Amino acid sequence: MELKPRLILRAVRLSVGTAEGEVGRTVVFEQGLNVLRAGNTSGKSTTVQAIIYALGLEGMLSPKREVPLPHSMTDRVTVGGIDQIVVASSVSLEIENASGDIITATRQVKTAGLDSTVISVEFGPAVTDPGNFPTSDFFVRRSGAAQREKGFHFFLSNFLEWKLPQVTYMDGSEKPLYSECLFPFFYVEQKHGWSGLPPRIPTYLGIREVGKRSFEHVLGLDVFQRILMRQRLKSNIAEMEVAWRSVLSELQTIARTAGVTLRGEPRRISDSLDENFPIFTASLAGEWLPIELAIDQLRQAFVERAAQPVRKAEEQSSELEDELQRTEESVRSTLVALSLLMEERGVLADQERQLGLRLDALDEDLQRHKDSALLVRLGAKHVKSLAVDHVCPTCHQDVNDGFDISANVMTADENITFIERQRSTFSAAREDAVRALRSIQVREKSLRVTLAGLRRQVRQARDTLIGPSSAPSLADIAERAALQDQLDRLLENGKSLEIQRNELQSLALRHKEQTELLAGVAKSDLSDSDGEKLDMVERHLRRQLRRYGFDSLRPEDVEINRETYRPGHEGYELGFDLSASDMIRVIWSYLFSVLRVGEEQGGNHLGLLIFDEPKQQETAQESYRQLLHEAAEQGQRGSQIIIATSEERGSLIAMLAGTQYNLVDIPEGEKILAPIQT
Amino acid sequence: MVDDCGLDSSVSLGFPGISMSEFEALEELFAAAPGAVFSRRDDAIPGDLRITWRLSVLCLVLQRFRGNKSTLENLHILWWSVRSGETRGLFLRWLDGDKRPDEIIVRFDPSLAVTVDLALGAGLAMRTNTGAIALLPTGLALAVDLWSDADVLVEEKTFLSKLPRSLTQRALKELTEWN
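The rules we used
Residues numbered from 1 in each chain as written. Chains lettered and ligands numbered in written order. Predicted model: local features only at pLDDT ≥ 70, side-chain atom pairs only at ≥ 80, totals over all residues. Heavy atoms only, no water. Helix = DSSP H or I, 4+ residues; strand = E, 2+ residues; numbered from the N terminus. Buried < 20%, exposed > 50% of the residue type's maximum accessible area, 1.4 Å probe, protein only. Contact = heavy atoms within 4.5 Å. Areas by Shrake-Rupley, 256 points an atom, 1.4 Å probe, with all protein chains shown as cover. Core = buried A, V, L, I, M, F, W, Y, C linked by side-chain atoms within 4.5 Å. Buried area = accessible area lost by both parts, 1.4 Å probe. Salt bridge = Lys/Arg side-chain N within 4 Å of Asp/Glu carboxyl O. Polar contact = N/O pair within 3.5 Å; in protein donor to acceptor, adjacent residues only side chain to side chain. Nonpolar A, V, L, I, M, F, W, Y, C, P; charged D, E, K, R; others polar. Pairing = 2+ DSSP bridges. Axes fitted to C-alpha atoms, helices over the stretch in contact; angles between N-to-C directions. Phe/Tyr/Trp six-rings, centres within 6.5 Å; stacked < 30°, edge-to-face > 60°.

A short note on the overall build of chain B
For chain B, the count of helices and strands is eight helices and three strands. Each helix and strand of chain B, placed in order from N terminus to C terminus, yields the pattern α-α-β-α-α-α-β-β-α-α-α. Looking at chain B as a whole, 39% of its 179 residues qualify as buried. In chain B, once contacts between residues fewer than 6 apart in sequence are set aside, the share between residues at least 24 apart is 63%. Split by element, the accessible area of chain B, about 10,200 Å² in all, is 57% carbon and sulfur.

Listed below in structure tokens is the structure:
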């Protein structure tokens, strides 16, 4: 099956400028197996690292922000046997995607005035066939490189038609998977890459189960789809919770206007599954009754009252005096409660204001640190010694940021995180204060309503008591009016309360359904086709182990762990129980198996594998020969394999006999960075 | 002697409800816990002490004065005003002629003196014969670059652009005198 890889490396060019002229080299790659042969310390690794650097992917190796290239690219280089200072250096990489589009990415390594976080992309084969191509600049190694339009990794994933999936981060957020987490499947670096089971996926980016997510994406496992499904269900559930909350708050508003309180008020959406809750209760003669009962009693009381004539003031006087006293007492105690509440509100409001001021100040300070981080770039142009090197231009001593007040100062980035953390604490505190304020306001309002009612009662009782004794009792009339009013309000709002309650229940039912679905998806793991893919990886792994002469265990006892997707034995990851050279064989076999299955079964493998010095630990010559043959066979199937080796030329050619390959041979004694004749 | 909780309370420790054996158990627990590790952390500083920030803002401010130069006194006034939302608002209102006697007065900030020294040393500015601080071409170039970059010092530039075209020394002096 001839499948075009997603990414073909066409050529890489390294160039280093010195006072004595330029050194560098262009290495042209072909499809299939490429062998880059050169002596030790001649710059093979530099060439391979340059590919990673040009793609802005050094983050796959370590979280450090240093240029991952040796000092011959950054500091000093030997030209014609003489040490020269590197004045300017850059790398260019020409790549092709599956649709045949070719671009060239150029990134500065060390060039005064040019930013190494910028990758210039020329839309054409600028290395192998230079011309005037349209150019565009993208940034890397800064936040947003993977998500913003001007970010290089955003551009690259589009160019590779590589839809990076959303994954969950440690902080619970969802963002796309970083390309840095996928490249360990395509590239084994010389220094650390062979020391343990691959892939060495960077964990510092804070992605949950990053190793599994990357593997699933590379082989396009359905598990990934299930995880997406899970995420979708989760977001549905969250939406229903929001809707439920808004219906509940509407219901609370209606209840308040109707003078109804809620008993058994639901706290969580699942509480609404019971259609009988919340119970609506209304206050009748100081007692809280369910609304239906209250309506009945009100009706009855109203009918009874209507049947009797309005009483005269004198008939009621002694009764009224008692009541007046009681009511006045209630007015006083309500006033006390109210003033306490207002005091509390004052304190909280003050607290909230203070927190707001503090947050504003933090925001301003934060902006300054962010600005100064950006300003270093501009400063580099005009005041390099102070802005970048932090050295006083006059006395040449260190002048660090904030030296006025401290000798050990956080870097701008540390300071930014520090302030952001403070910010989140303070804003949480402010949210708390706001919430408390809101609840106090509600309580205050209800106390005021109660107070107004009590005052009205006092007034009416007084009016009746001081009025002519034969006049109709105002209190009696007012009581009738109040009864009528309460009854009307309950009747009017009872219906809409019920509608809202039903709405709450139906949301809760749908919520339950989605939650159950989620539980179902959460339990199931690998689909059948996932299982087949993993079986295939396992078969290819065993086949190759046999081919390379692995003998620490029986190859058929090595398995792919269905949980971690990594090679293991009896449930344990392969490790110390292997001889060093068998470990190397496992690494070869595993990465080639993933490549093979990716190529046969589809997925997101780039169809590319780069091994930097795979002959480690005195690997037997025959094993190495088999690896080269496997690589060539895989190359014939359409993948691009790049192997950098210092194997002696004669024996290398003998081992490669009978295969198709492209040999880039740097003669003994020559360096990759060789003078360029212009 | 055993109390209602079933704990040995024969030894009184002055803490109701906690017996000796519980104390011993706690002591053991603490002894077994890993020791606390304190590591030195660098100090957080206010953003306006970052060298790039202060040099940049100094150049921006100087560039707003007539002839790109100002006395140290007036520089202090603008340095004070540019640094917080409150003082920026206050200063703009003063320029509008709305000044109230109870308002805070300008504070002189020692960090400006250091900033000016740095700028002199870095060749961004120079001291004239009269003692005024004037921008040099490098400083002016930095200021121009800063104006053309829309992403940095947004607040500061918004404020400065609300000031009159070029500030005269006299106008400023009048502004901060109370009589």
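Focus on the nonpolar core
One finds Leu9(A), Leu55(A), Ile95(A), Phe152(A), Phe183(A), Phe215(A) and Phe611(A) to be the most contacted residues of the largest nonpolar core, which totals 107 residues. Considering every element that reaches this core, the biggest residue donor is helix α12 (residues 580-601) of chain A, with 11 residues. Ignoring sequence-local partners within four residues, the contact set of Ile95(A) consists of Leu7(A), Ile8(A), Leu9(A), Arg10(A), Leu55(A), Asp101(A), Ile102(A), Ile103(A), Leu156(A) and Phe159(A). In this structure, Val383(A), Val57(B), Val61(B) and Val82(B) belong to the second largest nonpolar core, which totals 46 residues.

What about the side chain of Gln626(A)?
All names here are of chain A. Secondary-structure assignment places glutamine 626 in helix α13 (residues 621-636). Classification of glutamine 626 by relative accessible area gives buried; the value is 14%. Here glutamine 626 is in contact with Arg547 and Tyr548, once residues within four sequence places are set aside.

Section: the interface of chain B and chain A
Reports often express the size of an interface as the amount of accessible area lost when the parts come together. Counting residues at the interface gives 39 residues for chain B and 35 residues for chain A. Taking both sides of the interface into account, the surface hidden between chain B and chain A amounts to around 3,100 Å²; carbon and sulfur atoms contribute 60%. Across the salt bridge formed by Glu364(A) and Arg88(B), the nearest N and O atoms sit 2.9 Å from each other. Viewed at the interface, chain A and chain B are joined by 20 residue pairs in polar contact (both at pLDDT 80 or more). At the level of secondary structure, the elements contributing two or more residues to the side of chain B that touches chain A comprise α2 (51-64), α4 (85-95), α5 (110-121), α6 (137-148) and α7 (154-162) of chain B. Among the elements that take part in the side of chain B that touches chain A, α2(B) stands out by supplying six residues, more than any other. Here the side of chain B that touches chain A is composed, by residue class, of 18 nonpolar, eight polar and 13 charged.

Re the pairing of strand β1 (residues 7-18) of chain A
Residue and element names in this part refer to chain A. Judged by how many residues are buried, β1 sits mostly within the fold: nine of 12 residues are covered. Here β1 pairs with strand β5 (residues 82-97) via 11 bridges, running antiparallel. Following the sheet pairing, alanine 11 is matched in β5 by glutamate 94. Sheet topology places β1 next to strand β2 (residues 21-28); eight bridges connect them, and they run antiparallel.

Focus: the pairing of strand β20 (residues 662-665) of chain A
Residues and elements named next belong to chain A. Burial along β20 is one-sided: the residues Asn662 and Val664 are buried and none of Leu663 and Asp665 is. The pairing of strand β3 (residues 32-37) with β20 spans four bridges and is parallel. Along β20, the bridge assignment pairs leucine 36 with valine 664.

A short note on the pattern of salt bridges
Tallied over the full model, the rule gives 44 salt bridges over all chains. The partner of Arg368(A) in a salt bridge is Asp48(B), and the shortest N-O contact between them spans 3.3 Å. Residue Arg368(A) is found in helix α7 (residues 313-382), and its partner Asp48(B) is found in the loop between α1 (20-32) and α2; the two belong to separate chains. The shortest N-O distance in the salt bridge between Arg547(A) and Glu630(A) comes to 2.9 Å. Here Arg547(A) is found in helix α11 (residues 528-547), whereas its partner Glu630(A) is found in helix α13, with 83 residues between them in sequence. For Arg547(A), a relative accessible area of 24% corresponds to the partly exposed category. Classification of Glu630(A) as buried rests on a relative accessible area of 3%. Overlapping salt bridges bring together Glu364(A), Arg368(A), Asp48(B), Arg83(B), Arg88(B), Asp109(B), Glu155(B) and Glu156(B) as one network.

Observations concerning the sheet that holds strand β15 (residues 559-560) of chain A
Taken in spatial order, the three strands make up an open sheet running β15-β16-β17 (chain A), and their pairing is antiparallel. Edge positions in the sheet fall to β15 and β17 (572-573) of chain A, since each has one partner strand and no second.

Regarding the packing of helix α4 (residues 210-218) of chain A against helix α5 (residues 222-258) of chain A
All names here are of chain A. Between α4 and α5, whose axes approach to 8 Å, the crossing angle comes to 115°. Here α4 contributes Arg213, Glu216 and His217 to the contact with α5, which in turn contributes Val223, Phe224 and Ile227. Residues of the contact of α4 with α5, tallied by class, amount to three nonpolar, one polar and two charged.

Remarks on the packing of aromatic side chains
Residues and elements named next belong to chain A. Summed over all chains, the structure comprises 16 aromatic pairs over all chains. Taken together, a centroid distance of 4.5 Å and an interplanar angle of 25° make the contact between phenylalanine 138 and phenylalanine 155 stacked. With phenylalanine 138 in strand β8 (residues 135-139) and phenylalanine 155 in helix α3 (residues 152-159), the pair connects residues that are 17 residues apart, well separated along the chain. In this structure, phenylalanine 138 and phenylalanine 155 share a single accessibility class: buried. For the ring pair phenylalanine 152 and phenylalanine 155, a centre distance of 6.0 Å and an interplane angle of 40° mean the geometry is tilted. Note that phenylalanine 152 and phenylalanine 155 are positioned in helix α3 at a spacing of three residues, about one turn of the helix. When its relative accessible area of 0% is taken as the criterion, phenylalanine 152 is described as buried. Look at phenylalanine 155 and you get buried, because its relative accessible area is 13%. Grouping aromatic residues by their ring pairs yields a cluster made of Phe123, Phe138, Phe152, Phe155 and Phe159.

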